[in-house]
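# Report on the structure
Take a look at the letters that make up each chain.
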Amino acid sequence: MEQMQAEKILEIGIQLTSERDYDELLSKIIDCAMELTNCDGGTLYLLEKDCLQFCIMKNKSMGIDQKGAKDKKYPPVTMDEKNICAYAAIHREFLNIEDAYNSSQFDFSGPREYDKISGYRTKSMLVFPLISHEEKLIGVVQLINAKNAEGEIIPFGADCEKVLQSLGSQAAVAVANMRFVQEIEDLMISITQVFTDAIDTRIPYNYYHSRNVYLYVMILVDYINAQHEAGKLDRFYRPAERDELLMAALMHDIGKLVIPNDIIDKTTRLGSKLELVLERFERLALLYNIDYLQGRIGKDKWIERKNYFLDARERVEEINRKPRLSEEDVAYIQSMSRMNYTDSNGQKINYLSLEETECLTVASGNLTRAEREVISSHVEYTEKYLRKMNFGVRYPHIIEWAGAHHELLDGSGYPRGLKGDEIPYEARILVVVDVFEALTSADRPYKKSMEEQKAFSVLDDMAEKGKVDKEVLQLFKEAVAGFPGDIKLFFHREDEE
């Protein structure tokens, strides 16, 4: 018998240490305790803020299987010695009661009232504390109504205490370890929040972009899991995989910390350079006026130059803002770039610098090729920063997924130009969600937001051209369309600053 119990304890120890789901771990502790003692019911309390918080309740004969970690309908047990669980916790003792109705040491009025309502009879009871290897109280287990082979209620045997002491120690260590893992995960999330807060300081909209990508990815992953449970999809995400993908979503843009604001926030072709160009035009007009007054040029020349700069100011401001340039616009700027003024000392002043000319001749958008390369480098910096963080075996794919959120299936993405199956499925999710959020965002200073359907049309076109994953896109559409209620997106509010 002792050999069988020892083997059972070893088997239970393996089960407890291998469990990765917190609620399942707590449930297994009660299951194991009830199995070892052949009892009818069990309740688990965990110590939280100087009281015992109800977590698990099971009763075979009544068909009860309740988890209270999320359902807080049971009030916490205060540390009053009249309560048997509180006494066991305070004094760290095993308490074996043959009949709760005949005990005067503790207040069993609660169980008696419950028995009257339910028709149950609480009789034998065994209560023991869960003590970790660091001698810290983790919680208390309460078992009721041990049974013999014939199913009759009997007292808990003295031999149960030794077996449960071993179980209690293993259970306490397992709970403590899982809590420690959760604390580490919470720390990693808080570090991520620090990164995104830093980005928010420099780039207000990007902080909300990352959070919205996180939110959309969560909606999509939960939809995928729901479809799997319904038997419609083979793919699903275990809790650790889900957490890892959400972490990658939150951290995918931290490389933007090093991108200069005058590039990342650029709303026009010239950006902050516009004022310099306009001031130069004004200065040049004045210099031509001085030349006229001092007789170096004639009146016709002066009037022609004055009118030229009045027109140049208007044309440059218009070209600076245009979404797309015509050939005439480009030719106008190129012609201006070849012109200069020579002062009385022979010094030349160009109407436009080479850099300004390059900016003003960008056919579509606001960024030059060099500026686009700087923007694109944020992915490499994201990888660089993430490699400095030790994700260990818990999150082995974060760097790979976050570092591929701009890769496209046809190889036209960056930074590596990956193609097809070279891009992980999770990175394909990030690509679709990242594009969608960027298109629909109302916070971007350089563009107007798109309606959802128009953004999906853009993604449909990308899918048809073989750039984004059609399956991921379809699942994302379904997830967004089927989400209950409004999706509570984040966005930048000036009046809250």
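Conventions and cut-offs
Along every chain, residues carry numbers that run from 1 in the direction the sequence is written. pLDDT decides what is reported in this predicted model: residues at 70 or higher carry local features, side-chain atom pairs at 80 or more are listed and counted, and totals for whole chains, interfaces and linings draw on all residues regardless. Remark: hydrogens and water are excluded; side-chain values derive from all non-hydrogen atoms of the structure. We count a salt bridge whenever a side-chain nitrogen from Lys or Arg sits within 4 Å of a carboxyl oxygen from Asp or Glu. Working definition: with a 1.4 Å probe on protein chains only, accessible area under 20% of the residue-type maximum means buried, over 50% means exposed, and in between means partly exposed. Every angle, taken between N-to-C directions, lies between 0 and 180 degrees, and every axis is a line fitted to C-alpha atoms, over only the stretch in contact when it is a helix. Secondary structure counts use DSSP, requiring at least four H or I residues in a row for a helix and at least two E residues in a row for a strand, with both numbered from the N terminus. For classification, angles of less than 35 degrees are called roughly parallel, those exceeding 145 degrees roughly antiparallel, those between 65 and 115 degrees roughly perpendicular, and all remaining angles oblique. For a crossing to be left-handed, the near helix must be turned anticlockwise from the far one by less than a right angle; the clockwise case is right-handed. Two residues form a contact once any of their heavy atoms are found within 4.5 Å. Neither His nor the chain termini are counted; the positive set is Lys and Arg, and the negative set is Asp and Glu. Pairs were defined over the aromatic rings of Phe, Tyr and Trp, the Trp ring being its six-membered one, requiring ring centres within 6.5 Å. Orientation was assigned from the angle between planes: stacked under 30 degrees, edge-to-face over 60, tilted for the rest. For each structure, a 1 Å grid was placed over the protein atoms alone; sets of points admitting a 1.4 Å probe that cannot get out are labelled cavities, open sets with protein on both sides within 12 Å along at least five of seven lines are labelled pockets, and lining residues have an atom within 4 Å of a point. Grid points are joined across faces, edges and corners, and a volume is the space filled by probe spheres set on the points. In the scheme used here, Gly and all other residues not listed as nonpolar or charged are polar, with Ala, Val, Leu, Ile, Met, Phe, Trp, Tyr, Cys and Pro taken as nonpolar and Asp, Glu, Lys and Arg as charged. Whether two strands pair depends on DSSP finding at least two bridges between them. The definition of a nonpolar core used throughout is a set of buried Ala, Val, Leu, Ile, Met, Phe, Trp, Tyr and Cys residues joined through side-chain atoms within 4.5 Å. Take the number of residues in a helix, subtract one, and multiply by 1.5 Å to get its expected span.

Another point: the pattern of salt bridges. Going through the model one piece at a time under the given rule, you end up with 21 salt bridges. A salt bridge links E304 to R305; the shortest N-O distance between them is 2.4 Å. The exposure class assigned to E304 is partly exposed, which follows from its relative accessible area of 35%. The salt bridge partner of D461 is K465, with a shortest N-O separation of 3.2 Å. What you see here is one network of salt bridges that share partners, running through R315, K322 and D329.

Bringing the packing of helix 15 (residues 425-440) against helix 17 (residues 470-481) into the picture now. It is the contact of helix 15 with helix 17, at a shortest axis distance of 9 Å, that shows an interaxial angle of 55 degrees. Taken together, helix 15 and helix 17 sit at an angle that is classed as oblique. With respect to the hand of their crossing, helix 15 and helix 17 are arranged in right-handed fashion. Between helix 15, through Y425, R428, I429, V432, V433 and F436, and helix 17, the contact on the second element is made entirely by E471, V472, L473, L475 and F476.

Turning next to the side chain of D115. Topologically, D115 is positioned in helix 4 (residues 109-118). It turns out D115 is buried and unbridged, and the closest side chain with the opposite charge, R121, is 5.6 Å from it. Setting aside its immediate chain neighbours within four residues, D115 contacts Y101, Y120, R121 and T122.

Further remarks concern the side chain of D434. Take D434: it is sitting in helix 15. For D434, a relative accessible area of 7% gives the class buried. For D434, the contacting residues outside a window of four places in its chain are H209, V213, H252, H405 and H406.

We now examine the environment of A479. The topology assignment puts A479 in helix 17. Taking the relative accessible area as the measure of exposure, A479 reaches 3% and is therefore buried. Excluding anything up to four places from it in sequence, A479 contacts I219, L220 and Y223.

Here the focus is the packing of aromatic side chains. Enumeration according to the criterion identifies 16 aromatic pairs in this entry. Ring centres of Y308 and F309 lie 5.4 Å apart, and the angle between their planes is 85 degrees; this geometry places the pair in the edge-to-face category. For the pair Y308 and F309, a shared accessibility class is recorded, and that class is buried. Ring centres 5.1 Å apart and planes at 55 degrees place the aromatic pair F309 and Y351 in the tilted group. One end of the pair, F309, is in helix 10 (residues 299-321); the other, Y351, is in the loop between strand 9 (348-350) and helix 12 (354-360), and 42 residues separate them in sequence. When its relative accessible area of 1% is taken as the criterion, Y351 is described as buried.

Turning our attention to empty space enclosed by the protein. Inspection of the entire model under this criterion finds 1 cavity of 30 Å³ or more. E407, L408, L409, I423, R428, V431, V432, K467, V468 and D469 are the residues that line the largest cavity. Across the lining of the largest cavity, the residue classes break down as 6 nonpolar, no polar and 4 charged.

The next thing to look at is the environment of V181. Inspection of the secondary structure puts V181 in helix 5 (residues 159-202). Residue classification places V181 among the partly exposed residues on the basis of a relative accessible area of 35%. C-alpha separation for the pair V181 and R394, spaced 213 residues apart in sequence, amounts to 9.6 Å.

The next point concerns the pairing of strand 6 (residues 137-147). Here strand 6 lies mainly inside the structure; 10 of its 11 residues are buried. Here strand 1 (residues 39-48) pairs with strand 6 via 7 bridges, running antiparallel. Looking at the pairing, G42 lines up with L143 of strand 6. Pairing between strand 5 (residues 125-131) and strand 6: 7 bridges, direction antiparallel. Its bridge partner lying in strand 6, M125 is registered against I144.

This brings us to the nonpolar core. The biggest cluster of nonpolar side chains holds 47 residues, and the ones touching the most others in it are V217, L220, L245, L386, F391, I429 and F476. Those elements giving two or more residues to this core turn out to be helix 6 (204-229), helix 7 (239-251), helix 14 (398-402), helix 15, helix 16 (452-464) and helix 17. Examining the composition of this core, we find that 9 residues originate from one element, helix 6, more than from any other.

Moving on, we get to helix 15. The terminal C-alpha atoms of helix 15, which comprises 16 residues, lie 23 Å apart, in line with the 22 Å expected from a rise of 1.5 Å per residue. Burial runs high along helix 15: 14 of the 16 residues are buried.

The next point concerns unusual backbone geometry. The omega torsion of the bond from Y414 to P415 falls at 10 degrees, within 30 degrees of zero and hence cis. Mapped onto the elements of the fold, P415 is located in the loop between helix 14 and helix 15. Non-glycine residue D50 carries a positive phi angle of around 65 degrees. Topologically, D50 is positioned in the loop between strand 1 and strand 2 (51-59). Judged by its relative accessible area of 68%, D50 falls in the exposed class. Positioned with a positive phi, R92 is a non-glycine residue whose angle comes to about 55 degrees. Within the fold, R92 resides in the loop between helix 3 (84-91) and strand 4 (95-97). A relative accessible area of 39% places R92 in the partly exposed class.

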